[in-house]
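Letter by letter, the chains look like this.
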Amino acid sequence: GAAAGALARSDETTPLWAAAADEAAVLRPLQRPAVVVTEHERERLAHLGVNTLLTTRSPGPHTLSARTMMPDTNARSDWRYLSVRRLALFIEASILRGTRWALLERAGTGTWTRVRAQVEAFLEALDQEGAFVGSSAAESYFVICDDRLNGLQGGTPGAFRLLYGFAALRPGEFRAFLVTHKAALSSASQVSVNRLFTAERRVEEEIQTAILQGIGGGHE
């Protein structure tokens with residue numbers, strides 16, 4: 001409850017993708033933890049996914065971002081950071097709710113284009129607010145919604161699909177999600193995408209064909 005309250009308080013003044021990195025959990029005056037944790041121990045615990053409380057009269061800048069319970073076994077994994085996980089959940093919920101209307105429309109290029117434009121506008125707004133990293137849109141996010149996911153080969157009868165991704169810590173390294181809308185259920189699942197180092201503004205061509213074929217074959 002205390003942790004949820006700290007997050008809710010910081011969300012009022014700080015974007016959710018930055019709040020966990022900027023505000024540590026500090027005890028109120030006159031309160032002390034049962035066990036004193038040294039800075040070295042705090043770093044070791046953080047690498048194991050444990051966030052510790054601080055006791056200090058004048059909280060200063062902190063170098064450790066709040067972590068999830070995911071251990072620090074992969075030094076390049078951004079999924080261990082609470083701010084990245086919260087950002088991903090916010091984007092996932094927003095896109096799931098915001099694009100379900102596509103099921104009521106006639107399947108085809110027009111609907112795919114409208115959905116892609118809607119999601120791109122949403123991600124662009126977040127990018128402008130500083131949610132993603134990268135010097136260009138191609139390095140920060142991408143959206144795919146076309147016949148590769150919804151056509152004769154990639155489509156599933158009665159379902160609508162779109163694929164999106166964003167870079168939270170390193171430009172061009174995307175967390176990607178496949179959104180599937182069906183009459184009875186809407187869902188989002190993580191997928192792995194590989195981007196080739198080619199020209200900017202060609203993200204759709206840079207997603208490996210084999211990945212999209214695997215998605216179209218029913219893998220979620």
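In the block above lies the structure referred to throughout.
Conventions and cut-offs
- Residues numbered from 1 in each chain as written.
- Predicted model: local features only at pLDDT ≥ 70, side-chain atom pairs only at ≥ 80, totals over all residues.
- Heavy atoms only, no water.
- Helix = DSSP H or I, 4+ residues; strand = E, 2+ residues; numbered from the N terminus.
- Buried < 20%, exposed > 50% of the residue type's maximum accessible area, 1.4 Å probe, protein only.
- Contact = heavy atoms within 4.5 Å.
- Areas by Shrake-Rupley, 256 points an atom, 1.4 Å probe, with all protein chains shown as cover.
- Phe/Tyr/Trp six-rings, centres within 6.5 Å; stacked < 30°, edge-to-face > 60°.
- Pairing = 2+ DSSP bridges.
- Axes fitted to C-alpha atoms, helices over the stretch in contact; angles between N-to-C directions.
- Expected span 1.5 Å × (residues − 1).
- Arc of directions from axis to C-beta.
- Parallel < 35°, antiparallel > 145°, perpendicular 65-115°, else oblique.
- Left-handed = near helix turned anticlockwise from the far one by under 90°.
- Nonpolar A, V, L, I, M, F, W, Y, C, P; charged D, E, K, R; others polar.

Draft legend 1. Molecular detail of the overall build of the protein. Secondary structure summary: the protein contains nine helices and four strands in total. Listing each helix as α and each strand as β along the protein from the N terminus yields α-α-α-α-α-α-β-α-β-β-β-α-α. Taking all 220 residues of the protein together, the buried fraction comes to 38%. Summarising the internal contacts of the protein: among those between residues at least 6 apart in sequence, 52% fall at separations of at least 24. Surface accessibility of the protein: about 12900 Å² in total, with carbon and sulfur atoms responsible for 54%.

Draft legend 2. How the structure looks around the packing of aromatic side chains. Inspection of the entire model under this criterion finds six aromatic pairs. An angle of 25 degrees between the planes, with centres 5.5 Å apart, marks the rings of Phe132 and Phe166 as stacked. Of the two residues, Phe132 sits in the loop between helix H5 (109-128) and helix H6 (137-140) while Phe166 sits in strand E2 (residues 159-166), which places them 34 residues apart along the sequence. In terms of burial, Phe132 and Phe166 fall into one category: buried. Each residue in the set Phe132, Tyr141, Tyr164, Phe166 and Phe177 is aromatic and connected to the rest through ring pairs, giving one cluster.

Draft legend 3. Here's a closer look at the pairing of E2. By the criterion of burial, E2 is predominantly enclosed, with eight of the eight residues buried. Here E2 shows a buried face lined by Ala159, Arg161, Leu163 and Gly165 and a second buried face lined by Phe160, Leu162, Tyr164 and Phe166. In this sheet, E2 lies alongside strand E1 (residues 141-144) in antiparallel orientation, the contact comprising four bridges. Directly across from Tyr141, in E2, lies its bridge partner Phe166. Pairing of E2 with strand E3 (residues 175-182) involves eight bridges; the strand directions are antiparallel.

Draft legend 4. Representation of the environment of Ala137 in the model. Position of Ala137 relative to the elements: it lies in helix H6. Using a relative accessible area of 16% as the deciding quantity, one classes Ala137 as buried. Distance in space between the C-alpha atoms of Ala137 and Leu123 is 9.3 Å, their sequence separation being 14 residues.

Draft legend 5. Inspection of the sheet that holds strand E4 (residues 186-191) at higher detail. The sheet built from four strands is open, its strands ordered E1-E2-E3-E4 with antiparallel pairing. The outermost strands of the open sheet, each flanked by one partner alone, are E1 and E4. For this sheet, the mean angle separating the axes of adjacent strands, direction not counted, is 20 degrees. Against the sheet, H5 touches E1 and E2, its axis set at about 170 degrees to E1.

Draft legend 6. Examining the environment of Tyr164 more closely. Take Tyr164: it is sitting in strand E2. In this structure the C-alpha to C-alpha distance between Tyr164 and Val179, which are 15 residues apart in sequence, comes to 8.1 Å. Here Tyr164 is in contact with Ile91, Glu92, Ile95, Leu123, Phe142, Val143, Arg175, Ala176, Phe177 and Val179, once residues within four sequence places are set aside.

Draft legend 7. Geometry of H5. In a regular helix each residue adds 1.5 Å, so 20 residues correspond to 28 Å; H5 covers 28 Å between its end C-alpha atoms and thus fits that length. For H5, every residue scored as buried is listed here: Thr111, Trp112, Val115, Arg116, Val119, Leu123 and Leu126. Down the axis of H5, the sector holding all buried residues measures 125 degrees, keeping them to one side. In H5, those exposed residues whose orientation departs by more than 90 degrees from the buried face are Thr109 and Gln128. Positive phi shows up at Gly130, right after H5, with a value of about 100 degrees.

Draft legend 8. Representation of the packing of helix H4 (residues 82-98) against H5 within the structure. Between H4 and H5, whose axes approach to 11 Å, the crossing angle comes to 150 degrees. The orientation of H4 relative to H5 falls into the category roughly antiparallel. Considering the relative orientation of H4 and H5, their crossing is right-handed. Where H4 approaches H5, its residues Phe90, Ile91, Ser94, Ile95 and Gly98 are matched on the opposing element by Gln118, Val119, Phe122, Leu123 and Leu126. In the contact of H4 with H5, the residues fall into seven nonpolar, three polar and no charged.

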